[in-house]
Every structure is written in structure tokens, then in C-alpha cells.
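# Close look at the chain arrangement
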Amino acid sequence: MTQKPLHIGMTLAPTWLSGEGWRRPDSGIEGLLGHDYYIDIARRAEAAKLDFVFRPDVLAVNKAMMGQGGGMGGLDPTLLLAAIAHATDRIGLLTTVSTTFYPPYILARMIMSLHWLSKGRAGWNIVTALDGQRNFSLDDMPTPEDRYARAAEVTEIVLKLWASYPRDAILQDRDSGRMVDPELVQPINYEGDFHRVEGPLGTPNMGGGDYRIPLIQAGASETGRDFAARVADATFASTPNMEVAIELRRDLRRRAKAHGRGEEAVRLMPGMSLYLADTEAEARDLYRATHARADDTRKFANILEMTGLDLSDWPKERHIRANDLPPPPAKVRSRTHAGLLRRAIERHEPTVGDLLRMPEVMGSAHWQVIGTVAQAVDEVRRWRDAGALDGFILFPGGSVDCMHLCLDALCPALSDAGLLRRDYHGTTFASHLERP
Ligand SMILES: Cc1cc2nc3c(=O)[nH]c(=O)nc-3n(C[C@H](O)[C@H](O)[C@H](O)COP(=O)(O)O)c2cc1C
């Protein structure tokens, strides 16, 4: 069992403004399209010695969700992180870029540019995306298998492009007049099933070791797990309970070994949704107030999409039995989330009313803690001791106060408990992942 301090990241998706959170007088919602709002958060996260700040991304607008507080769209994640790079020194900057929609040359150049601008702090969250196809000249979303085949190819090309212009090639020797050694800059001449890329990349590499760019992956279907086990430094996961996390972590470690990597090569980092307040009762009030207008119609539609089960006219007190579930639909937006929901129904056979309140239906199926800072520390320790995680990503909910409590109170308490580093030992994102 590992007792090393955990690797902790902080979301820059303003989850504390979702639901009713944005309507609070101090929400600062007006600042969301500028950089000051995020720089303040990144500096707090850096003061707390977190591994990274992280910006998820989608390449489509969900009009049905945006009316009342389901998100209003926002800035390009890599550009936003470039602005944050300028205002911070140590914290890792994890951007999200889809392998389904971005050409690999653009992707490789964009992330390596963020890496230079941040002096070695860029990371890439590799996603295969859930929708957005009609913004990229496609009628239908490619199948999950097709998306993962693209992800494997795009990742391979990006790694080759990064290697195609090694840092050693830069000479900048005024005396000899040699700026670059062109012999070291080589094309990649890649011909795959989806892309043809000659290379080399026009942006030099910063180097290996502490200067390599960490790869994070999200998506926990069989194919997603295997992809993570082959290439990723960490998996960002939806694990609504500890058993799911333990199973996923064990499986990832086994798969990493089978791919000839160390079993600690892929770290499991669940999302952690937090509603924190000074007392547990206040935290529960915060949770209730945040979801006061939550719409059952949309939840029923999600349950139907993910399981094929239409519960809209079921009484709230009726239990859903495992054998009420029809065979899984052939096509779902996210196999990971559909699988989690199915598993929750099979395991708990909840009433309709209870199901509507479960994390698998309420949000992104993340691990949820509603309570005080001390309770959150205990919960983190419990998961760590059970071998359920190597770190996690903070998703505060409900209010700016809760977000501040996460960064300014919970993180120092985790350091005091030996669960989070007290100081950085390096200056790059890779160095934070490698060393406690
Ligand atoms: C925890 C988690 C976070 C994700 N974040 C994003 C995201 O920010 N942007 C995106 O386009 N897709 C995101 N995805 C979608 C995945 O990249 C992937 O497309 C999806 O989960 C389907 O893969 P699967 O078949 O392995 O479930 C996320 C998935 C999970 C599980």
C-alpha cells in the first residue's frame, strides 16, 4: 500500500458556479471570460502546492443546459492556461485537447508552446470527445472504437513530432554562426489510417526527464483503460464509490504491467466533488440550495439515453430492480458513465427518488463529499488507505466560499495529515508527478 503523498489537481471549470451557485452575489460570474478570475484560483492552488490546475473542454454548445446554469461555454483551455503560466511559477497546467477533432501537428505545436511559455509545466488531458461532430464536418460521432483508434494514432504522431526537433539541436552559437544543427531535426514521415504527417515539428522539444509533458487520459471503458495503461501517466476518472475506484486502479496497474510498464506508471485520479462548510448541516444546506431547481425531466432523459429505461412515469418510491434493465443500448454518449449507472442500479436496486439523487445521475458520477474540512480529510485518508487512488482532482460545488475552503483550508489540512506535499521539489509538471 502506497503511503506517499497524493497528487492533487484543481479544476478550472467553475463547478462551484453550477446549479444555483452562480446566482450568489459574490459568485464573480461576470469575470469568467477574463483571466483574472482563473489566475486567482491558480495562485491559491499553487500556494497549496497542488500538482496542477486543469481545464476540461468541449467543442460544442449544449443549448438545453445553458439557460439556467448548466454552463455558458468559455475560453479555449490552452490559451487560458498560457495566460495563467505568466502569473504562476510552479503549478502544472493541464489542458484538454481532443484527438478526434484536432489535427496532430496543430495539437503538438500548441501543447509544446504552452510547455515553453510555462517553463516546463504543460500537461495534456487526452480525450476522445463526446460530441461536437457537426462542428468538424461530420454528421455522426465516430464510434468509440474508431475514436480510440484515432486517439492511439494521434498520440503516437504527437510523441514523434515532439521528438522530431530535439532541444540539443538548438546551438545558438554566435561564434560559429550555427543556430541549429539541422541533422538532428528529422521528418517523421508518418502514414497511418487517419493522418499523414511529414514533420518535423516547427517547435523544439524542451527535453526528457523532468521536462517531458505528462499525459493524462479520461474514459474508463475496456478500450479506454487499455489506452491509458499503454501511454498515460494518470487517468482522470469518475468513481462514485470506493469499490469502483479500487477495481479501476487494480485493473490499470495490471494492464500497465502487461504493457511492460511499472505498475505505478498510471496513477488513478478520481474527480472529487466537494460541498464544504463549517458544519455538516451547513454543507447539506449548500448542496440542497445548489440543486434547488434541478430538473427531473433532464435526469430522466439522461437515464433513458444511458440505460434504455424510461422512468418518467414511475412512482418515486418504486424500486428499480436489476431485471428491469433492458439490454444496454447499442450507442451511448459515454460508455464509462452508462456503465457506472447500470452498475449502481444493479448493486443498489434504488427507488426512483433515490436514484435521482445519486452522483451517477446528478452530475459527472464523481466521488462526493458533503461535510466539513475534517470529514473530507478523513474520507481522503480512507480512500488512500484502501488503495483506491493515487491522487484526485478537486471539483468544489455550490459557492465561491466552498472553492476557497477547498484550496485555503482543506489542502493545508491534507498537508498536515501527510496526504499532500508541503512544498514543491521541482519546477516542472513531470517533476511534481515523479516526486512526492
Ligand atoms: C472523468 C471523465 C472526464 C472527461 N472529460 C472530457 C472532456 O473534458 N472533454 C471531452 O471532450 N471528453 C471528456 N471525456 C470523454 C472521454 O474522453 C471519452 O470520450 C468518453 O468517456 C468515451 O470513452 P469511453 O468509451 O472509454 O467511456 C471525459 C470522460 C471521463 C470519464
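Further up the page is the structure itself.
So, here's what we can say about the structure. (Residues numbered from 1 in each chain as written. Predicted model: local features only at pLDDT ≥ 70, side-chain atom pairs only at ≥ 80, totals over all residues. Heavy atoms only, no water.)

We now examine the overall build of the chain. On a plain count of helices and strands, the chain comes out with 15 helices and 13 strands. Compactness check: the chain gives a C-alpha radius of gyration of 22 Å against a globular reference of 22 Å for 436 residues, within 12% of the reference. Oriented by its inertia axes, the alpha-carbon framework of the chain measures out at about 80 × 45 × 45 Å. By residue count, 51% of the 436 residues in the chain fall in the buried class. Sequence separation of at least 24 residues holds for 76% of the intrachain contacts in the chain that already meet a minimum separation of 6. Approximately 19,700 Å² of the chain is accessible, and the part contributed by carbon and sulfur atoms is 50%. (Helix = DSSP H or I, 4+ residues; strand = E, 2+ residues; numbered from the N terminus. Rg over C-alpha atoms; globule rule 2.2 N^0.38 Å. Buried < 20%, exposed > 50% of the residue type's maximum accessible area, 1.4 Å probe, protein only. Contact = heavy atoms within 4.5 Å. Areas by Shrake-Rupley, 256 points an atom, 1.4 Å probe, with all protein chains shown as cover.)

By size, the foremost hydrophobic cluster in this structure holds 89 residues, and its most contacted members are Met-10, Leu-50, Trp-124, Trp-162, Phe-392 and Leu-394. A per-element tally of this core places helix H14 (residues 400-416) first, with eight residues. If we skip the residues at most four places from it in the chain, Leu-394 touches Ile-8, Gly-9, Met-10, Thr-11, Leu-50, Met-272, Leu-274, Leu-407, Leu-410 and Cys-411. Counting residues in each nonpolar core, the second largest holds 18 residues, with Phe-300, Val-332, Leu-356 and Val-361 among its members. (Core = buried A, V, L, I, M, F, W, Y, C linked by side-chain atoms within 4.5 Å.)

Another point: the pairing of strand E3 (residues 92-98). For E3, a buried count of seven out of seven residues is recorded, marking the element as mostly surrounded by other parts of the structure. Of the two faces of E3, the one lined by Gly-92, Leu-94, Thr-96 and Ser-98 and the one lined by Leu-93, Thr-95 and Val-97 are each fully buried. As paired strands, strand E2 (residues 52-55) and E3 are joined by four bridges and run parallel to one another. Counterpart to Val-53 in the pairing with E3 is Leu-93. As defined by bridge partners, E3 adjoins strand E4 (residues 122-127) across six bridges and the pair is classed as parallel. When the sheet's bridge partners are listed, Val-97 is paired in E4 with Ile-126. Viewed along the sheet, the connection from E3 through helix H4 (residues 104-117) into E4 turns out right-handed. (Pairing = 2+ DSSP bridges. Right-handed = clockwise from strand over helix to strand, strands pointing away.)

A separate point is the packing of aromatic side chains. A full pass over the atoms with the stated rule returns ten aromatic pairs. Ring geometry for Trp-367 and Trp-383: centres 3.9 Å apart, planes at 15°, overall stacked. Of this pair, Trp-367 sits in strand E12 (residues 367-371) while Trp-383 sits in helix H13 (residues 373-385), and the two are 16 residues apart along the sequence. Ring pairing ties together the aromatic residues Phe-54, Phe-236 and Phe-395, which thus form one cluster. Lying over the aromatic face of Tyr-211, Arg-167 brings its terminal NZ or CZ to 5.9 Å of the ring centre. Its end group placed over the ring of Trp-314, Arg-318 keeps NZ or CZ at 3.6 Å from the ring centre. (Phe/Tyr/Trp six-rings, centres within 6.5 Å; stacked < 30°, edge-to-face > 60°. Lys NZ or Arg CZ within 6 Å of the ring centre and 35° of its normal.)

A word on the site of the ligand. Around the ligand, a shell composed of 20 residues is seen, among which Asp-57, Thr-128, Tyr-148, Ser-221 and Thr-336 lie nearest. Here an oxygen atom of the ligand sits 2.6 Å away from a polar atom, N or O, in the side chain of Tyr-148. Coverage of the ligand by the protein amounts to 93% of the 620 Å² it exposes when considered alone. Counting only elements with at least two residues in the shell around the ligand, the list comes to helix H5 (144-164), strand E10 (234-237) and helix H10 (335-348). Residue composition of the shell around the ligand, grouped by class: nine nonpolar, eight polar and three charged. (Near = heavy atom within 4 Å. Polar contact = N/O pair within 3.5 Å; in protein donor to acceptor, adjacent residues only side chain to side chain. Nonpolar A, V, L, I, M, F, W, Y, C, P; charged D, E, K, R; others polar.)

Looking now at helix H3 (residues 77-87). Of all the positions in H3, only Pro-77, Thr-78, Leu-80, Leu-81, Ile-84, Ala-85 and Ala-87 are classed as buried. Taken down its axis, H3 places every buried residue within 160° of arc, on the same side. Across H3 from its buried face, at more than 90 degrees, point the exposed residues Leu-79 and His-86. Taking the backbone nitrogen of Thr-78 as reference, a side-chain oxygen 3.0 Å away marks Asp-76 as the first, capping residue of H3. (Arc of directions from axis to C-beta.)

Counting through the fold element by element, Glu-317 comes out in the loop between helix H9 (296-307) and H10. Along the chain, Glu-317 and Arg-421 lie 104 residues apart, while their C-alpha atoms are 46 Å from each other.

Another point: the pattern of salt bridges. One pass over the structure, following the stated rule, counts 34 salt bridges. Ionic pairing is found between Arg-255 and Glu-222, a salt bridge with its closest N-O pair at 2.8 Å. With Arg-255 in helix H7 (residues 242-258) and Glu-222 in helix H6 (residues 222-231), this pair connects stretches of sequence that are 33 residues apart. For Glu-222, a relative accessible area of 55% corresponds to the exposed category. In this structure, Glu-263 and Arg-253 form a salt bridge, with 3.5 Å as the shortest nitrogen-oxygen distance. One end of the pair, Glu-263, is in the loop between H7 and strand E11 (267-276); the other, Arg-253, is in helix H7, with ten residues separating them in the sequence. Under the relative-accessibility criterion, Glu-263 is labelled partly exposed at 36%. The buried category is assigned to Arg-253, whose relative accessible area is 14%. By sharing partners, the salt bridges in this structure join Glu-222, Arg-225, Asp-226, Glu-247, Asp-251, Arg-254 and Arg-255 into a single network. (Salt bridge = Lys/Arg side-chain N within 4 Å of Asp/Glu carboxyl O.)

So yeah, pure geometry; function would need other evidence.
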